[in-house]
Amino acid sequence: MRRSFILAIMPFVAISSAMAEVPHTWQTYTNGRFGYSVCYPADLLRPQTESGNGDGRMFVGPHGTKLLVWGGWNVMEQSVAQERDDRAREFINSGYTVSYQVVRPDWFVLSGSGRGKSFYQRMIVTHDREVGFSIEYPAADAALWNPVVAKLSRCLTR
């Protein structure tokens, strides 16, 4: 019986893997004011007008997906852990549960879900500036967005 079950689910695993590996048309957004860049799948996300003060941009995608990228001065001289705590509190106060977090000497990641959505945020924090992105997408679309988020996280640079 176990072999039959494995054989029965193999096509679905193959389809899921193939969908996760579908290549996207990747482009790079570079911010001149704060000197960061991030890649994004141009076939899924449409860039909106850069913010008035030049700190970042929003990208919109299917089913209400939003990618926000930004930079700013670290005027409060917050540590990575302090910034992570502040951002986590914002998500929690907005009705999300933070279920995953990583803190390293110059960056952190927060991830979680709530209100039918998933989110992922990565920020690089130095003594003088902060750059980051946050993406929010329907939890039902996780198979599409999780591989995208993994690449976004790898390509954020300062």
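A quick note: this is a predicted structure, and the numbers were derived from the prediction, not measured. (Residues numbered from 1 in each chain as written. Predicted model: local features only at pLDDT ≥ 70, side-chain atom pairs only at ≥ 80, totals over all residues. Heavy atoms only, no water.)

S.K.: I keep staring at the nonpolar core and nothing clicks. Help me out?
M.R.: The nonpolar side chains of a soluble globular protein tend to be buried, and buried together. In terms of nonpolar packing, the biggest core is built from 25 residues, with Val 38, Leu 67, Val 69, Phe 133 and Ile 135 touching the most fellow members. Put simply, the parts of the chain that give this core at least two residues each are strand S2 (36–41), strand S5 (66–73), strand S8 (117–125), strand S9 (129–138) and helix H3 (142–155). Take this core: its biggest share by element is 6 residues, from H3. Setting aside anything within four residues of it in sequence, one finds Phe 133 in contact with Val 38, Leu 67, Leu 68, Val 69, Trp 70, Tyr 120, Gln 121, Arg 122, Leu 152, Ser 153 and Leu 156. Grouped together as the second largest cluster of nonpolar side chains are 10 residues, Trp 70, Val 80, Phe 108 and Val 125 included. (Core = buried A, V, L, I, M, F, W, Y, C linked by side-chain atoms within 4.5 Å. Buried < 20%, exposed > 50% of the residue type's maximum accessible area, 1.4 Å probe, protein only. Helix = DSSP H or I, 4+ residues; strand = E, 2+ residues; numbered from the N terminus. Contact = heavy atoms within 4.5 Å.)

S.K.: Help me out: how do you make sense of the sheet that holds S5 in this one?
M.R.: As a general point, the strands of a sheet are linked pairwise by backbone hydrogen bonds and lie either parallel or antiparallel. With antiparallel pairing, 7 strands are arranged side by side in an open sheet as S3-S4-S5-S9-S8-S7-S6. With one partner strand each, in any of the chains shown, strand S3 (46–47) and strand S6 (97–104) form the two edges of the open sheet. The sheet contact formed by strand S7 (residues 107–114) and S8 spans 8 bridges and is antiparallel. Within S8, the residue paired with Trp 107 across the bridge is Ile 124. Each of S5, S8 and S9 is contacted by H3, which is oriented at about 170° to S9, the strand it contacts most. (Pairing = 2+ DSSP bridges. Axes fitted to C-alpha atoms, helices over the stretch in contact; angles between N-to-C directions.)

S.K.: Sorry, what's going on with the environment of Val 60 here?
M.R.: Structurally, the position occupied by Val 60 is in strand S4 (residues 56–60). Those residues in contact with Val 60, other than ones at most four positions away along the chain, are Leu 44, Leu 45, Arg 46, Gln 48, Thr 65 and Lys 66.

S.K.: In this structure, what is going on with unusual backbone geometry? I would like to understand it.
M.R.: Of all residues except glycine, most have a negative phi; of all peptide bonds, most are trans. The phi torsion at Glu 77 lies on the positive side, around 50°, for a residue other than glycine. Position of Glu 77 among the secondary structure elements: in the loop between S5 and helix H2 (80–93). Of note, the phi angle at Arg 115 is positive, near 55°, even though the residue is not glycine. Turning to its location among the elements, Arg 115 is positioned in the loop between S7 and S8. For Arg 115, a relative accessible area of 54% puts it in the exposed group.

S.K.: How should I be thinking about the packing of aromatic side chains in this particular structure?
M.R.: The geometry of an aromatic ring pair comes down to the distance between the two centres and the angle between the two planes. Applying the stated criterion to the full structure yields 9 aromatic pairs. On the basis of an interplanar angle of 10° and a centroid distance of 3.8 Å, the ring pair of Phe 91 and Phe 119 is categorised as stacked. One end of the pair, Phe 91, is in helix H2; the other, Phe 119, is in strand S8, with 28 residues separating them in the sequence. The residues Phe 91 and Phe 119 share a single accessibility class, namely buried. A network of ring pairs unites the aromatic residues Tyr 29, Tyr 36, Tyr 40 and Phe 59 as a single cluster. (Phe/Tyr/Trp six-rings, centres within 6.5 Å; stacked < 30°, edge-to-face > 60°.)

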